[in-house]
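# Summary of structural features
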Protein chains: 2
Amino acid sequence: MISIDRFRKYMPILEWGKTYDKTALSSDLIAAVIVTIMLIPQSLAYALLAGLPPEAGIYASIAPIILYAIFGTSRALAVGPVAVVSLLTASAIGQVAETGTMGYATAALTLAFLSGGFLVLMGVFRLGFLANFLSHPVIAGFITASGILIAVSQLKHILGVSAHGHTLPQMLGSIFAHLGQINIITVFIGTAATAFLFWVRKGLKPLVKSLGAGPLLADILTKAGPVAAVVVTTVFVWLLGLNDWGVRIVGAVPQSLPPLTLPGLSPDLLGQLLVPAILISIIGFVESVSVAQTLAAKKRQRIDPDQELIGLGAANLGAAFTGGYPVTGGFSRSVVNFDAGAETPAAGAFTAIGLAFAAMALTPLVYYLPNATLAATIIVAVLSLVDLSILQKTWGYSRADFSAVAATIVLTLGMGVEIGVASGVILSILLHLYKTSRPHVAEVGLVPGTQHFRNIHRHNVETLPHVLTLRVDESLYFVNARFLEDLIQKRVTDGCELRHVVLMFSAVNAVDYSALESLEAINHRLRDMNVCLHLTEVKGPVMDRLQKSHLLDELNGHVFLSQFNAWEGLRGA
Amino acid sequence: MISIDRFRKYMPILEWGKTYDKTALSSDLIAAVIVTIMLIPQSLAYALLAGLPPEAGIYASIAPIILYAIFGTSRALAVGPVAVVSLLTASAIGQVAETGTMGYATAALTLAFLSGGFLVLMGVFRLGFLANFLSHPVIAGFITASGILIAVSQLKHILGVSAHGHTLPQMLGSIFAHLGQINIITVFIGTAATAFLFWVRKGLKPLVKSLGAGPLLADILTKAGPVAAVVVTTVFVWLLGLNDWGVRIVGAVPQSLPPLTLPGLSPDLLGQLLVPAILISIIGFVESVSVAQTLAAKKRQRIDPDQELIGLGAANLGAAFTGGYPVTGGFSRSVVNFDAGAETPAAGAFTAIGLAFAAMALTPLVYYLPNATLAATIIVAVLSLVDLSILQKTWGYSRADFSAVAATIVLTLGMGVEIGVASGVILSILLHLYKTSRPHVAEVGLVPGTQHFRNIHRHNVETLPHVLTLRVDESLYFVNARFLEDLIQKRVTDGCELRHVVLMFSAVNAVDYSALESLEAINHRLRDMNVCLHLTEVKGPVMDRLQKSHLLDELNGHVFLSQFNAWEGLRGA
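Criteria and cut-off values
Residues numbered from 1 in each chain as written. Chains lettered and ligands numbered in written order. Predicted model: local features only at pLDDT ≥ 70, side-chain atom pairs only at ≥ 80, totals over all residues. Helix = DSSP H or I, 4+ residues; strand = E, 2+ residues; numbered from the N terminus. Buried ≥ 20, exposed ≤ 12 C-beta atoms within 10 Å, placed from the backbone. Contact = placed C-beta atoms within 7 Å. Axes fitted to C-alpha atoms, helices over the stretch in contact; angles between N-to-C directions. Parallel < 35°, antiparallel > 145°, perpendicular 65-115°, else oblique. Left-handed = near helix turned anticlockwise from the far one by under 90°. Nonpolar A, V, L, I, M, F, W, Y, C, P; charged D, E, K, R; others polar. Pairing = 2+ DSSP bridges. Least-squares fit on C-alpha atoms with pLDDT ≥ 70 in both. Core = buried A, V, L, I, M, F, W, Y, C linked by C-beta atoms within 7 Å. Right-handed = clockwise from strand over helix to strand, strands pointing away. Expected span 1.5 Å × (residues − 1). pLDDT = per-residue confidence, 0-100.

Counting secondary structure elements, chain A contains 23 helices and 8 strands. On the principal axes, the C-alpha backbone points of chain A span a range of 100 × 65 × 60 Å. Of all 573 residues assigned to chain A, the portion counted as buried reaches 52%. For chain A, restricting intrachain contacts to residue pairs at least 6 apart in sequence, the fraction spanning at least 24 positions comes to 80%.

Below, the structure is given as C-alpha cells:
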C-alpha cells in the first residue's frame, strides 16, 4: 500500500485524471489551439536565440510538455523553451562548441540531460528550498539584465550583420565592428516587424476593446500578432525573392516528428556543462515555480515545489532525448494557457499534438521566414521583462538589497549571466551574514503600568540602577559570538554599582556551540567581577539545547520565565 | 592634531614606551633570556617542517618580533614561526616549487609578503571581524587535524626515509613505499629523543616540584628539555661520526645576521600564492588573537583586533624582506614569555637581539644536530594540539556543529589543510542558513495571571478561538520568506472561525526586501479571505525600516506595542 501511495505522490496525473470529464476536455482543447498558434513562432525564435536550428525549438515543446503533464503539479503551467533559459543555453554552449556545428546541438542535448537529472535528484531529495537562496531582488535584477542582453543579442538579426559575444560590451563591440555588413532590406523588415509588434502590444488591445470585443478576444488578437508578422514578412520575402538580396531566412526545416537523440556523455563535456546545467536548473525552477504559484493562487490550488522539480526534471530529460534543449515553465505561454481556460495538464498534451502536427506538416511554410522577424518577436517579448524600478524600490527600503540588485544587473550585463547571478547570490548571503555579525543590542526598561520592556532610548521606561538588562536582537552563533563577549565586557566595566546583568533572550532563536562557549566565558568573567548573569524569556528550542550543556549548572544567576519576573525578583536584590 | 592621534593609534609603542622604567626593563630581560633559549631549537624545527633551510626559522623570529613590538597591542605575544602556519606554508609552496630549490625559498618570502600585505589591508579597513567566520568548532577541528598531519609528516625524519605528501593517505603511502630505506641509528636517536621529551613534559615537572622547586623553575626546566635533547644528540652524533652512517644532520648553517631579501613578484607566482596567503593570514590571525586575548584577560588589558592585524602584517612583511617565511603569534612561546614575567613588547625586542646573536655565533654548534631530534621536538609539541574531545562535546550539543567539526577533521586529513578549512567554513555557513530557512514558529497564548505569552504546546496558556497568534522565531529574509507565506496559507485554511492573525515580531530582528514582499502578499491574501493581519512587538530598527515601505499603510489590521495590548484589543473584536 505504501509503495502505491508513494507512486501516486510522484504521479499527480493519477489524481486529476480520475475526475476528467467532457467540460474539462472542451476547455482544454480550446486552450491548446490558442497556445499552439502562439508557440510556433515563439519556439522558432527561442531556438534562434539559443543558437540552435529552428526545429529544436519546436521539438523542445513536444515531449517536455507531455512529461510535465504527467509529473507536474500545476494545472496551467506550459513548459517549453523560454527566453532567459535560451540565453543561458547559448552562453553555456558557446564556451564548448561553435554555433551551427554538430557538437553544438549535442551539447544542447547534454545540457538538457544534466539539467533534467539534477532537477529530478533535487526533487527526490526534496531540496526545493535551495531555490530560496535566490532573493527576490537578485531574481528581479537578473531577469531585467537578461532581458536587456537578449534584446541586444537580437540586434544583429535586425541589422543583418554577424556578431557574437555573451556580455553587453562584447555584443556592442562586435556589432560595431561589423557595421559595414548592414543589409538595408533586413533593417527595413526588422524595424517594421518590431514597430508592428510594439503597436499590437500597446495599441491594438485598447482598440479592439473599444470596438466592443471581450477581453479574451482582445488577448487572442494580441497574442496572434507575432503570427501575423511571420505570415506577412514570409510572403513578402518569398514574392520579392529578397533572400537573393542578402536577407537571411530560416531556410529548410526537416519535416518530421521529434527525432530520438542521445546526449553526449563524454566526461569532458559533462564536466564542462555541469555548473551551467545547475545554474539553468535553479533559474528555470525559480521562474517556473513563481509562475505556477501565481496561477495556482488564483484558483486556490496548491503547488508542491518538490514535485515541480520532478516534473521539470522529467521535461528536460524528455528534451534531451528528442532533439530539444533545456526547457522550463514559461510566463507568457502559461498565462495564455490559463486565460484561454485550460483546466488540467491535458491542455498541455493537446498543445503537444498540435505542435507535432506543425513539425510534420507546416515547416515548409517557414522556409522564407526572415530571421529579422523572429528577432523582432524576441525583442518585443523580452523588453516586458526589463523593469529597472526594482533599483529605486530597494534603494528606498534597504541598501543591502539595493547592492545585491545593482551588483546582479551590472555583473550580468558586464561579465555574463553566470557570473552575474552567482555574484548576486553570494553577495546577498554575505550581506546577511555581515548584518548578523554586528547585531542590534538594546538596553531595555519597564514600560510603566505594563509588564512590557522596551529600548530605553526609544521609550519612556523605568530602570533599576544595579541591574543592566540587554535585549540581544539576533540568534547567537559563531559569526557574532565574539561581538557579544566584547560588548558585555565593555558595558560592565563602564558601570561600578552594577550587580546584575540580565540577557533578555526573546529574540535569540538559536545558540550554537561557539556562542555557548562565549556565554560560558561571559559567565566566568562576570563571576570574577562579582556580577550575576541572568537569562530571561529563553525560548523552548533554545532551552532544550542549553540543557544539554553545563552552562545552566554553572550559571551565576537564574533563568526567569519572563523579563517581568526578573524585574520583580531583582528589584530588591 | 588629528593626524598625530591617528599616528599614535597605529603605533601602540608610543603609549607603553612613555612609562617604561627599570622594573619593567629587568622583567623583560629575564623573560627574553628564557624565551631565546627555548626558541633556538623550535625555530630550526619549524623551518624543517616548512621545508626550508634551518636558518630561515631563526631569521623569521628576528625582524618580525621587533616589528610586532612596535605595531602590536599585546604585551606578551611572541611572534615567529609556529607549527600550523609552517605546515600551511609547506603545503602552499609544495605546489609551486621543489623543496630545497632557490624557487622554494623565494616562494616562502612571497607568501610572507602577500600575507603581510593582506593583513595590513584588513587592519586598515578594519576587517578583523572576518575572522569570526571561523567558528570555534571549525578552528578546534582544524588545529587537531593539523596536529596529526604535522606529527605524521615528521615520521620520515624519525625513520630516516624520504617521503612526501600533504594529506594523511599521501604521507602514509609514501612512508610505506620507502620503508626499505629505514636507517636504524636514526630510528634509535629519534625514538629516544621523543621518549625523553614526552617524559620531560609529563614526568619531569611533577618530579622537580616534589623536590621543592618553585613552579617557574619547574617550568623553565621543562621548556629547556628540547635544548638538552639537542645538545646530547648533537654531541652523540659528532663523537661517533654517525653522519657517515646515514644519519641526516642539519649541516652547515650560514653564520650571519638575517640577510636582506626580496620576495618574488612575478604575477604568476603572486597569483598562485594569493589564496594560500589569505588562508594563512586568517588562520594565523585567529590563532594569534586567541592567544593574545587569553593572556590580556589575565591582566585586565585589552586587545584591539584591528590593530593586531596591522602588527601581524608588519611582522610578515618584515619576514618577507629578511629571509624568513610566514609568522604569527605562537601559543607556547607567548605563554612562556608571559609566565617568565614579560611586562612590555620590549621583551620581544630583547629576544630578537638574543636570536640575532645566536644566528651570528651559535650556528656552527648545530652542524651535527640530527634532523630526527628536531622531528622529535615537533612531534611532542604538536601532539598537545590534538584534542578529539571536541567531537564528543559538539555531538552532545548540536549535530550541526558536530558535522562542521567532523568534516573539517576528515577533509583536512584526507584532502589537505586548504580544502579542510575551507569546507569547514562553508559547511558551517550553509548549515546556519539551512537552519534559518525553516524557522521555528510557535503558536502562543497568555500565561494566566501575567502579561506574558508562551508556546501553547509547552505551557498552560489561554487562547482566543477567533485569533491565531504566531511567534516567528527568526529574522525574515530571502531564505525563509517563502516558508512563512506557505505556513500562514496552510494555517489559515485550516481554521474557519478565524478572523485575526497576529504575528508576534519579538524575535524578528530584520525584514529584508524579499520578506517585505512576502508580508505584502500575505496581507493581500488574508484580506481576500476576510482575515485581519496584525503585528505586535515590532522592534525599533525593524519598525524604522517598515515605515519606508507601503506595508503599514496597506495593513489590514493594526501594529500593537505589545502582545498583551493585542490580546486586550482583539478579545472582544
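Additional details are given in the paragraphs that follow.
Turning to the packing of helix α10 (residues 215-240) of chain A against helix α15 (residues 371-383) of chain A, a few remarks are in order. Residues and elements named next belong to chain A. At a minimum axis distance of 10 Å, the contact between α10 and α15 shows a crossing angle of 165°. Considering their axes alone, α10 and α15 lie roughly antiparallel with respect to each other. As α10 packs across α15, the resulting crossing turns out to be right-handed. Taken together, the residues of α15 that come into contact with α10 (itself represented by Pro 226, Ala 229, Val 230 and Thr 233) are Thr 373, Ala 376 and Thr 377. A breakdown of the residues in the contact of α10 with α15 according to their chemical character gives 4 nonpolar, 3 polar and no charged.

Taken in spatial order, the 6 strands of this open sheet run β4-β3-β5-β6-β7-β8 (chain B), and their pairing is mixed. Looking along the sheet, the strands with just one partner apiece sit at the ends: β4 (453-455) and β8 (559-560) of chain B.

A rotation about an axis combined with a shift along that same axis relates the two copies of the chain. With an RMSD of 0.1 Å, the operation that places chain B on chain A is a rotation of 180° combined with a shift of 0.0 Å along the axis. Viewed as a symmetry operation, the transformation between the two copies matches a two-fold axis. Proximity to the rotation axis, assessed at the C-alpha, singles out Ala 507 of chain B in chain B; its C-alpha lies 1.9 Å from the axis. Taken together, the interface assignments show that 100% of the residues at the interface of chain B recur at the interface of chain A, consistent with an identical surface on both copies.

In this structure, Leu 49, Tyr 68, Ala 83, Ala 108, Leu 111 and Ile 378 of chain B are the most contacted members of the largest nonpolar core, which totals 139 residues. Looking at this core element by element, the count peaks at 13 residues for helix α3 (residues 22-49) of chain B. When near neighbours in sequence (up to four residues on either side) are disregarded, Leu 49 of chain B contacts Ala 83, Ser 86, Leu 87, Ala 90, Ile 150, Ser 153 and Ile 378 of chain B. Counting residues in each nonpolar core, the second largest holds 138 residues, with Phe 142, Ile 150, Phe 285 and Leu 431 of chain A among its members.

Attention now moves to the sheet that holds strand β6 (residues 500-504) of chain A. Residue and element names in this part refer to chain A. Here 6 strands make up an open sheet; going across it, the order is β4-β3-β5-β6-β7-β8 and the pairing mixed. In the strand order of this sheet, the two ends are held by β4 (453-455) and β8 (559-560), each with one partner. Inspection of the sheet shows strand β7 (residues 532-536) paired to β8 by 2 bridges, in the parallel sense. Note on β8: the bridge partner recorded for Thr 536 is Phe 560.

A few words on the pairing of strand β7 (residues 532-536) of chain B. All names here are of chain B. Most of β7 is tucked away, with 4 of its 5 residues classed as buried. Where strand β6 (residues 500-504) lies against β7, 5 bridges are found, and the strand directions are parallel. Its bridge partner being in β7, His 500 is matched across the sheet by Cys 532. Note on the crossover from β6 through helix α21 (residues 513-528) to β7: the handedness is right-handed.

Residue and element names in this part refer to chain A. Helix length check: α15, at 13 residues, gives a terminal C-alpha distance of 18 Å against a target of 18 Å (1.5 Å per residue), a fit within 8%. Most of α15 is tucked away, with 12 of its 13 residues classed as buried. Those residues of α15 lying buried are Asn 371, Ala 372, Thr 373, Leu 374, Ala 375, Ala 376, Thr 377, Ile 378, Ile 379, Val 380, Ala 381 and Val 382. Against the buried residues of α15 lie α3 (22-49), α5 (83-93), α7 (136-159), α9 (184-210), α10 and α13 (331-339).

Attention shifts here to the pairing of strand β3 (residues 441-446) of chain A. Residues and elements named next belong to chain A. Buried residues dominate β3, accounting for 5 of its 6 residues. Two strands pair when backbone bridges link them, and β3 and strand β5 (residues 467-472) are joined in this way by 3 bridges, in the antiparallel orientation. By the bridge assignment, Val 441 is partnered in β5 with Val 472. Where β3 and β4 come together, 3 bridges link them in antiparallel fashion. In the sheet register, Gly 445 faces β4, and the bridge partner there is Arg 454.

The next thing to look at is the interface of chain B and chain A. Listed as interface residues are 48 residues of chain B and, on the opposing side, 48 residues of chain A. Contributions of two or more residues to the side of chain B that touches chain A are made by α7 (136-159), α17 (389-397), α19 (417-437), α20 (478-494), α21 and α22 (540-546) of chain B. In terms of residues, the side of chain B that touches chain A owes the most to one element, α19 of chain B, which gives 6 residues. In terms of residue class, the side of chain B that touches chain A is made up of 17 nonpolar, 20 polar and 11 charged.

The next thing to look at is the confidence of the model for chain A. Residues and elements named next belong to chain A. Per-chain confidence: chain A averages 87 in pLDDT, with 97% of residues scoring 70 or above. Across chain A, the secondary-structure element scoring lowest on mean pLDDT is helix α1 (residues 2-10), at 61, and the one scoring highest is β7, at 94. Here the predicted complex carries an ipTM of 0.79, next to a pTM of 0.80.

This part covers the packing of helix α4 (residues 54-71) of chain B against helix α15 (residues 346-361) of chain B. Pairs of packed helices are described in terms of their axes, by the angle between the two and the distance that separates them. Residue and element names in this part refer to chain B. Interhelical geometry of α4 versus α15 gives an angle of 155° and a closest axis separation of 8 Å. Taken as axis vectors, α4 and α15 run roughly antiparallel relative to one another. Considering the relative orientation of α4 and α15, their crossing is left-handed. In this structure, α4 contributes Glu 55, Ile 58, Ser 61, Ile 62, Ile 65, Ile 66, Tyr 68 and Ala 69 to the contact, and α15 contributes Ala 346, Gly 348, Ala 349, Thr 351, Ala 352, Leu 355, Ala 356, Ala 358 and Ala 359.

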